[in-house]
Amino acid sequence: GCCHLDEEVATRFKLQLGSFKLNYLDDEDEWVMLVSDADLQECLEIMDFFGKHNVKFLVRDMVHGMESSGSSNSFLVRS
């Protein structure tokens, strides 16, 4: 679920849990906040519907807010 995804991102990017927020790029090319398991499920359903095999996530630093330039992008592939 969402907690496991947060843990994986924290491990891969050497971040502290709770210091970042995840967004994903939806089918309308809009960034959507990923906060709950329901959000993650919707993300996966959209991906499946459009036959996509990867999701573009945006990792945002919560310390600097939404306007922060201290963000990083990553592609994680769903297996």
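All values derive from a computational prediction rather than experimental measurement. (Residues numbered from 1 in each chain as written. Predicted model: local features only at pLDDT ≥ 70, side-chain atom pairs only at ≥ 80, totals over all residues. Heavy atoms only, no water.)

## A short note on the overall build of the chain
From N to C terminus, the chain includes two helices and four strands. Each helix and strand of the chain, ordered N terminal to C terminal, gives the series α-β-β-α-β-β. Expressed as a percentage of the 79 residues in the chain, the buried residues total 29%. Pairs at least 24 apart in sequence give 47% of the contacts found in the chain among residues at least 6 apart. Of the roughly 5500 Å² of accessible surface on the chain, 52% is carried by carbon and sulfur atoms. (Helix = DSSP H or I, 4+ residues; strand = E, 2+ residues; numbered from the N terminus. Buried < 20%, exposed > 50% of the residue type's maximum accessible area, 1.4 Å probe, protein only. Contact = heavy atoms within 4.5 Å. Areas by Shrake-Rupley, 256 points an atom, 1.4 Å probe, with all protein chains shown as cover.)

## Remarks on the packing of aromatic side chains
This model, assessed by the stated rule, comprises one aromatic pair. With 5.0 Å between their ring centres and 85° between their planes, Phe49 and Phe50 make a pair best called edge-to-face. Residue Phe50 is classed as partly exposed on the basis of its relative accessible area, which comes to 45%. (Phe/Tyr/Trp six-rings, centres within 6.5 Å; stacked < 30°, edge-to-face > 60°.)

## Some points on the confidence of the model for the chain
Averaged over all residues, the pLDDT of the chain is 83; the fraction at 70 or higher stands at 78%. Counting interchain partners and residues more than four positions distant, the pLDDT-below-50 stretch residues 66-72 has 10 contacts. (pLDDT = per-residue confidence, 0-100.)

## Comments concerning the nonpolar core
General note: in soluble globular proteins, nonpolar side chains tend to be found buried as a group. Ranked by size, the top nonpolar core spans 15 residues in total, and within it Leu5, Leu22, Tyr24 and Leu34 carry the most contacts. Breaking this core down by element, the ones donating at least two residues are helix H1 (2-13), strand E1 (20-25), helix H2 (37-49) and strand E3 (54-61). (Core = buried A, V, L, I, M, F, W, Y, C linked by side-chain atoms within 4.5 Å.)

## Points about the pairing of E1
Bridge analysis of E1 against E3 gives five bridges, and the strand direction is antiparallel. Within E3, the residue paired with Tyr24 across the bridge is Phe57. Here E1 folds back onto strand E2 (residues 31-34) in antiparallel fashion, the turn holding five residues, of which Asp29 has a positive phi close to 55°. (Pairing = 2+ DSSP bridges.)

## A look at the layout of surface pockets
Of the pockets and cavities examined, the second largest pocket occupies roughly 170 Å³. Around the second largest pocket sit 12 residues that line it, and Leu25, Lys52, Asn54, Val55 and Lys56 are the ones nearest its centre. Every element with two or more residues in the lining of the second largest pocket is listed here: E1, H2 and E3. Class assignment for the residues of the lining of the second largest pocket results in seven nonpolar, one polar and four charged. (1 Å grid on protein atoms, 1.4 Å probe; cavity = no way out; pocket = protein on both sides within 12 Å on 5 of 7 lines; lining within 4 Å. Points joined across faces, edges and corners; volume = space filled by probe spheres on them. Nonpolar A, V, L, I, M, F, W, Y, C, P; charged D, E, K, R; others polar.)

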